[in-house]
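So the chains spell out like this:
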Amino acid sequence: MNVWVIGTGGLGRVLAGYLHDPPATNVLLVPVRGTSVDGLASGLTVFTPERTVTVRPPIVPLSAVDSTVGRPDVVLLCVKGDDTERAVAAVAAHVHGTLVVTPQNGLQAYRVADWLPGTSVAAAVMAFDGTALDGGRAVQRRTRRRITLGMVSGTAPAGLRPAATLLSRCAPVTLSEQIDATLWGKLVTNAAGNAVSAITRLTMGEVTAHPDLLAWCVDLMSEGAEVAARHGVRLAAADLLGIAPEVVRGGSTGPHGRRLMADYAAAHEPVAALRSSMCRDLDQGRPTEVAWINGEIVRHGDAVGAATILHQQATAKVRHIEQKGSSC
Ligand SMILES: NC(=O)c1ccc[n+]([C@@H]2O[C@H](COP(=O)([O-])OP(=O)(O)OC[C@H]3O[C@@H](n4cnc5c(N)ncnc54)[C@H](OP(=O)(O)O)[C@@H]3O)[C@@H](O)[C@H]2O)c1
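All of these numbers come straight from a predicted model, not from anything done at the bench.

Details of helix α8 (residues 211–230)
Okay, step 1: Taking 1.5 Å per residue as the helical rise, α8 with its 20 residues ought to reach 28 Å, and the 29 Å between its terminal C-alpha atoms agrees with that figure.
Okay, step 2: Buried residues dominate α8, accounting for 14 of its 20 residues.

Quick notes on the pairing of strand β4 (residues 52–55)
Along any regular strand, the residues point their side chains to alternate faces of the sheet.
Okay, step 1: Both strand β3 (residues 44–47) and β4 contribute to a ladder of four bridges, which runs antiparallel. Residue pairing across strands places threonine 45 opposite threonine 54, the latter belonging to β4.
Okay, step 2: Linking β3 back to β4 in an antiparallel pair, the connection comprises four residues.

Details of the site of the ligand
Okay, step 1: Close to the ligand lie 27 residues; Gly9, Ser36, Gln104, Asn105 and Ala132 are nearest.
Okay, step 2: The element that contributes the greatest number of residues to the shell around the ligand is helix α1 (residues 10–19), accounting for three residues.
Okay, step 3: Here the residues of the shell around the ligand sort into nine nonpolar, 13 polar and five charged.

A word on α1
Okay, step 1: When you tally the buried positions in α1, you get nine out of ten residues, the bulk of the element.
Okay, step 2: Considered for burial, the residues of α1 that qualify are Leu11, Gly12, Arg13, Val14, Leu15, Ala16, Gly17, Tyr18 and Leu19.

Quick word on the packing of α8 against helix α10 (residues 257–267)
Okay, step 1: Here α8 crosses α10 at 95°, and the two axes come no closer than 10 Å. Between α8 and α10, the interaxial angle falls into the category roughly perpendicular. Residues Leu214, Ala215, Cys217 and Val218 of α8 form the contact with α10, whose own contacting residues are Leu260, Met261, Tyr264 and Ala265.
Okay, step 2: A class-by-class count of the residues in the contact of α8 with α10 yields eight nonpolar, no polar and no charged.

Quick notes on the rules
Residues numbered from 1 in each chain as written. Predicted model: local features only at pLDDT ≥ 70, side-chain atom pairs only at ≥ 80, totals over all residues. Helix = DSSP H or I, 4+ residues; strand = E, 2+ residues; numbered from the N terminus. Expected span 1.5 Å × (residues − 1). Buried ≥ 20, exposed ≤ 12 C-beta atoms within 10 Å, placed from the backbone. Pairing = 2+ DSSP bridges. Near = placed C-beta within 6 Å. Nonpolar A, V, L, I, M, F, W, Y, C, P; charged D, E, K, R; others polar. Axes fitted to C-alpha atoms, helices over the stretch in contact; angles between N-to-C directions. Parallel < 35°, antiparallel > 145°, perpendicular 65-115°, else oblique. Contact = placed C-beta atoms within 7 Å.

This is how it looks when you write it as structure tokens:
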């Protein structure tokens, strides 16, 4: 099976490390800007809780992808939101009969499906982590990993099962018929703590220990869940950290506000020591995905006339920090 991993940041590197196993699976690494080509030239080393692997997949920068590279069976789109359109444009001519899988956060999968009519597009909702390190290395730390895989458009060329088998080398995979709810549920939960940790530069444990910040998180979640509902997405507790949708939608001041805050804090105990990925992007002076997370909720709220003032404010605050390089 030929697998193209587009984007060689944290997620792309870790997935490539788990997957590259020639001759059964040939991974092609495709850096978006080519920034990491030099570091990866002598191999990619991935540290996981179970083992350390060094693999040497071929590397072809996105700008050099052409028909001589062959045709992928599966494309894993591991790029940040801002790079999605150019990545899709560069591979569009090579994905006939290919399954394009996007493990990106947010709702990129729908955009990718629109840009690739006639191509099968699946979303992989990742309970997974990957961090790129210098010198062609990456680390994956979570021991309890999970991938939920579902079709967004088209019909997978050979069904989704081969892709599920492939990805099960990285984490247990569940095939889902309700990927819309899983994607939206991750967006709604991610848009809350991710932004608050980024704006405050605090760990999730510090955020949830502070009553006002905890209330801010659950109210962001509530606003997002309302937007999802107005778009006809039927979120279940399993999509919302195990919290019932009606409890989430009531927010911190609703009839179940205390329980909501307690459950939200409890759900974040395993990641209490961590700051969010958006926070880490700000620390490293890199653009965040706020436009594709909180901004996505604002755009979808606008489309159905739902209030999104908290997500508008969060987006503006993160943007401000991105531009000024400091907290508000
Ligand atoms: N990482 C996770 O834990 C995780 C989990 C779930 C979902 N996601 C989603 O996956 C997508 C990709 O996220 P990501 O975490 O992989 O992004 P990332 O690590 O920030 O990488 C983004 C881009 O930055 C460049 N880059 C990053 N680290 C580098 C390094 N050490 N040296 C050189 N270049 C470096 C790479 O560019 P080049 O391609 O040009 O080399 C890469 O494409 C996002 O949509 C994210 O939401 C990530």
